Amino acid sequence: MLRAYALFFALFAASCSAPSLDGSTPLSKRAALEATSNAINFGDCFTALQVIEPIYESANTDNDTRLMMASAYGCHANINLIPLALSLSENTDRLVGGDFWGLLAELFPSTSDDRVAESGALANDALMAATIPGWPLVPANLINTNTFNPGSLIKSDRITDANFYMIFTSMATIGALNNRYGTPDAASNYDQTVRLPWRTADDVDTDGCMYASAVLNLVDAIDQTSAQTTGALQVALESISATFGTSIQSACDIGCQNLDPDLVGEWQASGCTVTTACALCPTALRNRDTCMAATDQTRCAAAGIINFINDSPDVAGLQVAWPGP
Amino acid sequence: MARALVASFILIQSLASTSAFAEEELRELFRGARAQAMGGASVAVVNDEEALFLNPAGIAGLTKYGVQYFASDFEVSSDVVNSFLNGGGTGLAGGLSSDTISSFMGKDTYGRVQITPTVLMTNFAFGVLLDGQAAVYAKNPALPNVTVGYQTTTGIQAAYGVSVLKRRRSKHDLRVGVGAKMLWRRGGYRKLSALELTSISADSLSSIAGGWGTGYGVDLGVQYVNTINQKFKVNWGMAWANIGDVTFGSSDADPVAGNLSMGVGSTLETGKAKITLAYDYRHMTADTDYRKRNHFGAELALPILSLSAGLNQWNLAYGVGFDAWLFRITALSYAEEIDPLLSQDASRRWMLKIALKAGF
């Protein structure tokens, strides 16, 4: 009898192997996703990224993996989503108008080497890859097509959770860059003390493209998901959309056409050499890499957005520019 | 016997991971206090009222009639206990909202009440199951991963067990049993998206719970008791509970996953003490880490006091029971893995069973 039991144990022990976190089986993928969540739970953003990145960059990736990758970057971007959503809901007065830019600076403190802004942008890359299964994607709107995570620049191509989280990852990028380049004054409602530097197409560099693409992605994401939120958060998001949604598109067009709408103010014409109107912000501007690599037009549109934030004239009597010098 | 074990093992491997449901926490329809105090190991050795739910073959081991007219189990996780000890309550006093969800972040908040009055006769048992569970598992503040549990189950269960070899005057015993159940369930465990979390409210619980559904289930079990001598017996057992899973029609209620388990055990009687050892390999068809299927347990039963200990999924379990003829109280603690792999996230739980009974 004892030999029988020993044989039983030996058989089951010999036939089994410890599960891994490589994502090659449904169990290992679920385990890796939970391991990433657990790491973020303990504030260990480095381990979170180490666990999920190999699966994200493999053929085993999927939308759950992409969302988790975005959350690992979100950890590095200091995103604490529920309190952040509550902060927006409780500061609706600062969402209507130029104080919005100072609020983002307040919510996302950052220094030049902490990678908060970059993490937000990298999260957006992952979120762009979370497309609707079975939905036809237009190749011209795709990025990173030589990877296992091709992304779409079109908001309606992405799943709802991706667009929703993109609101917060974009805010992280904007807020962090506002701190780095706008030097906001905490004693003065986080008003900028230095204008954002990317005021002409030639001034727009990788950080300028990162900033402009984050602004555009924020507007896109809010437009796509605000109707599915409820209560105070919906009010907050719709306030942002109402204030900036149309104005940002107009700012792109002004930049594309090398115009200066405020001849006596500080708004600088973009210096765009290809003055073609862009009624809507160029699709390519939504990706910081295609922004830099494309023709003048995307950088011109980016400069238009920056000038809007720095020095926009009031819209319907409402100051929409970031208060400052 | 060895050939039978090999054959059953091969059968088990062929059935492994055939469940339609991916399971992180291996939830049980019924958690018996005695079995749980022994690390969840019971299939081969159970021969009391818990056999009705754990292995109907154990019904054949009943030697007297009995009624547990009140049997209630109360169970909470450590985070709930700590919260109350720190004066914080469960955090749900203000209702379910984004704010309260935020307060749950990083915690395993779980509570369960289970009431199971039973009637026991030789070869037959009947019982009622009333079960209510609530839980919030929240992690990953960057992009919240939140599971909300809200589930109510009621049901009736009956089981018949018979000793096959005893009829042939063998000193050994082969018991076979069959059980049937009818359940009504509402709710389950739902993972909420970040968008849903920011819109959550008290009304959300109703949508999580959904409507009631009715389900039917069948259990099969077998136990082989090898009597070495008058005091020492070695057991083997196998049970398949909720064969084919118990589903609840068109309702959103979580199904009860089938549970194929096999185990071995032994009992040693020394005067007034009885020592029981048991090992179970449970949830063999679940898509889960094989290490979570292991359960080890030991029990020292004295006339009115019993001490138990074991390893539930390699996590320590321990308990003490007090049996004073008309009532029994059992207090125990165990830990349950709620993530896919062993040692990812073990939820420590505390359980108290109070039973009023009569036997004759």
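Residues numbered from 1 in each chain as written. Chains lettered and ligands numbered in written order. Predicted model: local features only at pLDDT ≥ 70, side-chain atom pairs only at ≥ 80, totals over all residues. Heavy atoms only, no water.

Novice: Mind showing me how you'd approach the overall build of chain A here?
Specialist: A count of helices and strands for chain A gives 12 helices and 2 strands. Written out in order from the N terminus, the α and β elements of chain A read α-α-α-α-α-α-α-β-β-α-α-α-α-α. With the C-alpha coordinates of chain A rotated into their principal frame, the extents come out at 100 × 45 × 35 Å. Here chain A holds 325 residues, and 56% of them are scored as buried. Counting only contacts in chain A whose residues sit at least 6 apart along the sequence, the fraction spanning at least 24 positions is 69%. Surface accessibility of chain A: about 12,700 Å² in total, with carbon and sulfur atoms responsible for 54%. (Helix = DSSP H or I, 4+ residues; strand = E, 2+ residues; numbered from the N terminus. Buried < 20%, exposed > 50% of the residue type's maximum accessible area, 1.4 Å probe, protein only. Contact = heavy atoms within 4.5 Å. Areas by Shrake-Rupley, 256 points an atom, 1.4 Å probe, with all protein chains shown as cover.)

Novice: Looking at this structure, I do not really get the overall build of chain B. What am I missing?
Specialist: The secondary structure content of chain B amounts to 7 helices and 15 strands. Counting all 360 residues of chain B, 57% fall into the buried class. Residue pairs in contact within chain B that sit at least 24 positions apart in sequence constitute 65% of those at least 6 positions apart. Carbon together with sulfur atoms contributes 63% to the accessible area of chain B, which is approximately 14,100 Å² in total.

Novice: What exactly am I supposed to notice about the state of the cysteines here?
Specialist: Disulfide: a covalent bond formed between the sulfur atoms of two cysteine residues. All names here are of chain A. Under the definition given, this model contains 4 disulfides over all chains. Here Cys45 engages in a disulfide with Cys75; their sulfurs sit 2.0 Å apart. On the sign convention where negative means left-handed, the S-S torsion of about -65° between Cys45 and Cys75 marks this disulfide as left-handed. One end of the pair, Cys45, is in helix α3 (residues 45-56); the other, Cys75, is in helix α4 (residues 63-76), with 30 residues separating them in the sequence. Take Cys45 and Cys75: they sit in the same class, and that class is buried. (Disulfide = S-S within 2.5 Å.)

Novice: Even after reading the chapter, I still don't get helix α8 (residues 160-182) of chain A, so can you show me in this structure?
Specialist: The periodicity of an α-helix, 3.6 residues per turn, causes residues three or four positions apart to be oriented the same way. An ideal rise of 1.5 Å per residue puts 33 Å on 23 residues; α8(A) measures up with 32 Å between its terminal C-alpha atoms. In terms of burial, α8(A) is largely enclosed, as 20 of its 23 residues are buried. (Expected span 1.5 Å × (residues − 1).)

Novice: Explain the pairing of strand β11 (residues 294-301) of chain B here, please?
Specialist: Across a regular strand the side chains alternate sides, sitting on one face of the sheet and then on the other. Residues and elements named next belong to chain B. As defined by bridge partners, strand β10 (residues 273-281) adjoins β11 across 8 bridges and the pair is classed as antiparallel. In the strand pairing of β11, Thr276 is matched with Glu299. Across 7 bridges, β11 lies against strand β12 (residues 305-312) in antiparallel orientation. Bridge pairing links Ala298 to Ala309 in β12. Linking β11 to β12, which pair antiparallel, is a turn of 3 residues. (Pairing = 2+ DSSP bridges.)

Novice: Would you take a moment to explain the packing of aromatic side chains for this structure?
Specialist: Note on aromatic pairs: each is described by the distance of the centres and the angle between the planes. Tallied over the entire structure, the rule returns 13 aromatic pairs over all chains. For the ring pair Phe100(A) and Trp101(A), a centre distance of 5.1 Å and an interplane angle of 65° mean the geometry is edge-to-face. For the pair shown, Phe100(A) and Trp101(A) are each scored as buried. Between the aromatic rings of Tyr279(B) and Phe296(B), the centroid separation amounts to 4.8 Å while the plane-to-plane angle is 45°, which identifies the pairing as tilted. Taken together, the residues Tyr279(B) in strand β10 and Phe296(B) in strand β11 connect sequence positions 17 residues apart. Judged by its relative accessible area of 27%, Phe296(B) is partly exposed. (Phe/Tyr/Trp six-rings, centres within 6.5 Å; stacked < 30°, edge-to-face > 60°.)

Novice: Quick question: what am I supposed to make of the nonpolar core here?
Specialist: One recurring pattern in soluble globular proteins is that nonpolar side chains are buried together. The biggest cluster of nonpolar side chains holds 103 residues, and the ones touching the most others in it are Trp101(A) and Tyr211(A). Here Trp101(A) is in contact with Ile174(A), Asn178(A), Tyr211(A), Val215(A), Phe244(A), Ile309(A), Val320(A), Ala321(A) and Trp322(A), once residues within four sequence places are set aside. Judged by nonpolar contacts, the second largest core, of 19 residues, contains Leu54(B), Ile59(B), Val246(B) and Phe248(B). (Core = buried A, V, L, I, M, F, W, Y, C linked by side-chain atoms within 4.5 Å.)

Novice: What should I look at first to understand the side chain of Asn55(B) in this one?
Specialist: Residue and element names in this part refer to chain B. Residue placement: Asn55 occurs in the loop between α3 (51-54) and β1 (66-77). Given the relative accessible area of 0%, Asn55 is considered buried. Within the structure, the side chain of Asn55 is placed 2.9 Å from the backbone oxygen of Val43, a separation counted as a polar contact. Excluding residues that lie within four positions of it along the chain, Asn55 makes contacts with Val43, Val46, Glu50, Gly221, Val222, Gln223, Met238 and Ala239. (Polar contact = N/O pair within 3.5 Å; in protein donor to acceptor, adjacent residues only side chain to side chain.)

Novice: What is the right way to read helix α9 (residues 206-225) of chain A from this model?
Specialist: Taking 1.5 Å per residue, 20 residues should reach 28 Å; α9(A) reaches 28 Å between its end C-alpha atoms and fits that length. Where α9(A) begins, the capping side chain belongs to Asp205(A), and its oxygen is found 3.2 Å from the backbone nitrogen of Asp207(A).

Novice: Would you mind going over the pattern of salt bridges with me for this structure?
Specialist: Any two side chains of opposite charge can pair if their charged atoms end up close together. What the rule picks out here adds up to 31 salt bridges over all chains. Linking Arg34(B) and Glu299(B) is a salt bridge whose minimum nitrogen-to-oxygen distance equals 3.0 Å. Here Arg34(B) is found in helix α2 (residues 33-37), whereas its partner Glu299(B) is found in strand β11, with 265 residues between them in sequence. One salt-bridge network, held together by shared partners, links Glu34(A), Lys139(B), Lys191(B), Asp339(B) and Asp345(B). (Salt bridge = Lys/Arg side-chain N within 4 Å of Asp/Glu carboxyl O.)

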